[in-house]
Amino acid sequence: MSRTGGSLGDDTTVLETTARILDGKAVAAEIRAEVAQRVAELLATGGRRPGLAAVLVGDDPASKVYVGSKKRASEEVGMLGRVEILPSDTPRERVDALLDELNGDDAIDGILVQLPLPEHLPERPIVERVLPEKDVDGFHPLNVGSLWLDQRGLAPATPSGVIELLHRSGIEIAGRRAVVVGRSAIVGKPMAGLLLREHATVTVCHSRTRDLPAVCREADILVAAVGRAGVIGPEHVREGAVVVDVGMNRLTERAQVDHFFPGDAHRRDVFERRGSTLVGDVDFTRVARKAAAITPVPGGVGPLTVAMLLVNTLAAARRRQGLD
Ligand code: GUN
């Protein structure tokens, strides 16, 4: 029997389940400590301090929290953290000029443009303005290509975090059947590429997939990256599968909370206090009774994204200093 809760974050459900709970928060803390150690070693041997710049256009509250936590996390591991916030009506030329400045700034090794961008700004050309060697989100076509060609490059942080979590939890990937639900450029597609690189047999499902539950039930490792609360239920999971939930959805209605977390006083309490609670794409309560291992939301994959961004920034810094 396992219990979640405590260190996993305030929203996290406390329940009895047979599944092993994969504690992303603990693994992320371990990775951050390792990065801090490696940054200290870099500085001690005469290297330059790595720097990460986050660019946010607009005032989306969630995005503000994300860029703030990225800056804080960089500073905590001894990196330079910079945040540039531009008003939501900023013209494209101004965003381009800022990215050009950061591209040319030797103190900055990693640049990320927080998504989503306001409607008037075209995402692809802006993301592609970041130099590939500073593209710590791994969104530039050159890095996307490197991932699929098994070449050195920078891979997106969230799916890289999933691989790291599986490795560090002792879950074998090679030779196993992995099913990814979702084909976004940020998670689904790079997740498939990374699992393939780890020698899994990979299937990618999406909105047109026929008989989604049957395809998902073939998975030894099921990764949900759909963006809809609780759409992956027990009918999608084979007994003994490993289930990784990349979703981050907010429930704002009590009936939903009661449906997904029946009898869960802790969840209900969080919901009453905040007016919402965070859930993944997986119906955790029901799936946890069937899976061998499962990531909770919050406290699963989420914390690994920032940790892997730091890993990428350190890698970019070392390469830019001719060290790797
Ligand atoms: N918005 C949601 N996820 C991400 C991410 O991984 N990187 C950036 N830059 N923006 C995001």
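A short tour of the structure in this document, coming up. (Residues numbered from 1 in each chain as written. Predicted model: local features only at pLDDT ≥ 70, side-chain atom pairs only at ≥ 80, totals over all residues. Heavy atoms only, no water.)

A word on the site of the ligand
Within the structure, the ligand sits among Leu 112, Val 113, Gln 114, Leu 115, Asp 137 and Phe 139. Within the contact set of the ligand, a nitrogen atom lies 3.4 Å away from a side-chain nitrogen or oxygen of Gln 114. Within the side chain of Asp 137, one N or O atom sits 2.6 Å away from a nitrogen atom of the ligand. Burial of the ligand by the protein amounts to 79% of the accessible area it has alone, namely 280 Å². Of the residues that constitute the shell around the ligand, the class distribution is 4 nonpolar, 1 polar and 1 charged. (Near = heavy atom within 4 Å. Polar contact = N/O pair within 3.5 Å; in protein donor to acceptor, adjacent residues only side chain to side chain. Areas by Shrake-Rupley, 256 points an atom, 1.4 Å probe, with all protein chains shown as cover. Nonpolar A, V, L, I, M, F, W, Y, C, P; charged D, E, K, R; others polar.)

Re the sheet that holds strand β1 (residues 20–21)
One open sheet accounts for 6 strands, arranged β1-β11-β8-β7-β5-β6; its pairing is parallel. What marks the edges here is a single partner per strand, and that holds for β1 and β6 (201–205). Sheet topology note: the strand β5 (residues 177–181)/β6 ladder contains 5 bridges and is parallel. Bridging from a neighbouring strand, Val 181 pairs with Cys 205 of β6. (Pairing = 2+ DSSP bridges. Helix = DSSP H or I, 4+ residues; strand = E, 2+ residues; numbered from the N terminus.)

So, the pairing of strand β2 (residues 51–57)
Remark: a regular strand shows side chains that alternate across the two faces of the sheet. The buried count for β2 comes to 7 of 7 residues, which makes it a mostly enclosed element. Bridge count between β2 and strand β3 (residues 80–86): 7 bridges; the pairing is parallel. Of the residues in β3, the one forming a bridge with Leu 52 is Gly 81. Crossover handedness for the path β2 to helix α2 (residues 61–76) to β3: right-handed. Note: β2 against strand β4 (residues 110–113), 4 bridges, orientation parallel. Counterpart to Ala 53 in the pairing with β4 is Ile 111. (Buried < 20%, exposed > 50% of the residue type's maximum accessible area, 1.4 Å probe, protein only. Right-handed = clockwise from strand over helix to strand, strands pointing away.)

Quick word on the packing of helix α1 (residues 24–44) against helix α12 (residues 302–320)
One way to put it is that α1 packs onto α12 with a least axis distance of 8 Å and a crossing angle of 20 degrees. As far as their axial angle goes, α12 and α1 are roughly parallel. As α1 runs across α12, the sense of the crossing is left-handed. Facing α1, whose interface residues are Gly 24, Lys 25, Val 27, Ala 28, Ile 31, Arg 32, Val 35, Arg 38, Val 39 and Leu 42, α12 presents Pro 303, Leu 304, Val 306, Ala 307, Met 308, Leu 310, Val 311, Leu 314 and Arg 318. (Axes fitted to C-alpha atoms, helices over the stretch in contact; angles between N-to-C directions. Parallel < 35°, antiparallel > 145°, perpendicular 65-115°, else oblique. Left-handed = near helix turned anticlockwise from the far one by under 90°. Contact = heavy atoms within 4.5 Å.)

Nothing here speaks to function; it is all geometry.
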